[in-house]
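# Results of the structural survey
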Amino acid sequence: MLQLNHISIKGTNGDILKDCIYRFNEGEIYVLYMDNKKNIKILLDCLSNYRKPEEGEITTWTDAIIYNISSVDALPANFTVAEFLDSLAKINGVESNLETALDNVPLIKDKMDLRIEALSDEELALLHVVMFMTIKPYINIWAVPFAPDEYMKKLIDVVGEFNVYIFASDNENECKHIAELLSATMITFVDGSVSEYKN
């Protein structure tokens, strides 16, 4: 779980959340729609403990791994796919997961010698799938372009159904599609609090 306790977060044009209490539950998938990319990044950075909210606290289990991909700019463009994934697996001590992840996403297995900057948008999205499948974080936060449907479903199967998943986008139709595809709870923000719609 990821618990928001009386959280206030300011965005680029006012409050994103104001004195908000909300719980992202284990084993559930959430799709977050916001019409401002900068505000999405601010919120997700707070959820990942990269940034402190103005007020309140965000808690989860001790030692829970939170993995947040909210910008493709965070990837080392000059690395080859192989260099990056090998480093990622070694740093996180999950080398054994990498082979399984690549078997599930064969297109990336075929691109290992390419530099990350040479990947297409779809290939970058599939690289993100491999990253999540390799690390298998407890809390998965994704705010970059989504992968094709079959890989979004595979992601949940491989990483685990008892984890927390938060997908975010500034494209409302894309959010609705992913929410329907993954039987997820769709979230928006109204007057500084969470509004949810369950599929």
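Residues numbered from 1 in each chain as written. Predicted model: local features only at pLDDT ≥ 70, side-chain atom pairs only at ≥ 80, totals over all residues. Heavy atoms only, no water.

### Quick word on the packing of helix H6 (residues 149–159) against helix H7 (residues 172–181)
- The contact between H6 and H7 brings their axes to 11 Å, and the two run at 50 degrees. Relative to H7, the element H6 lies oblique. Crossing of H6 against H7: the hand is right-handed. Between H6 and H7, the contacting residues are Asp149, Met152 and Lys153 on the first element and His177, Ile178 and Leu181 on the second.
- Residue composition of the contact of H6 with H7, by class: three nonpolar, one polar and two charged. (Axes fitted to C-alpha atoms, helices over the stretch in contact; angles between N-to-C directions. Helix = DSSP H or I, 4+ residues; strand = E, 2+ residues; numbered from the N terminus. Parallel < 35°, antiparallel > 145°, perpendicular 65-115°, else oblique. Left-handed = near helix turned anticlockwise from the far one by under 90°. Contact = heavy atoms within 4.5 Å. Nonpolar A, V, L, I, M, F, W, Y, C, P; charged D, E, K, R; others polar.)

### Some points on the side chain of Asp45
- Position of Asp45 among the secondary structure elements: in helix H1 (residues 37–47).
- Accessibility expressed as a relative area gives 11% for Asp45, which makes it buried.
- Setting aside residues up to four positions removed in sequence, Asp45 forms contacts with Tyr50, Arg51, Asn68 and Ser70. (Buried < 20%, exposed > 50% of the residue type's maximum accessible area, 1.4 Å probe, protein only.)

### Examining the sheet that holds strand E5 (residues 66–69)
- Read across the open sheet, the six strands follow the order E5-E6-E7-E3-E8-E9; overall the sheet is mixed. The open sheet has two edge strands, E5 and strand E9 (193–198), and neither has a second partner. When the angles between neighbouring strand axes are averaged without regard to direction, this sheet yields 20 degrees.
- Pairing of E5 with strand E6 (residues 139–142) involves four bridges; the strand directions are parallel. For Ile66, the partnering residue across the bridge sits in E6 and is Ile139. (Pairing = 2+ DSSP bridges.)

### Here we look at the packing of helix H3 (residues 95–104) against helix H5 (residues 121–135)
- One can describe the packing of H3 onto H5 by two numbers: an axis separation of 8 Å at closest approach and a directional angle of 145 degrees. Seen from above, H3 lies across H5 with right-handed handedness. Of the residues in H5, those in contact with Asn97, Leu98, Ala101, Leu102 and Asn104 of H3 are Val130, Met133 and Thr134.
- The class makeup of the residues in the contact of H3 with H5 is five nonpolar, three polar and no charged.

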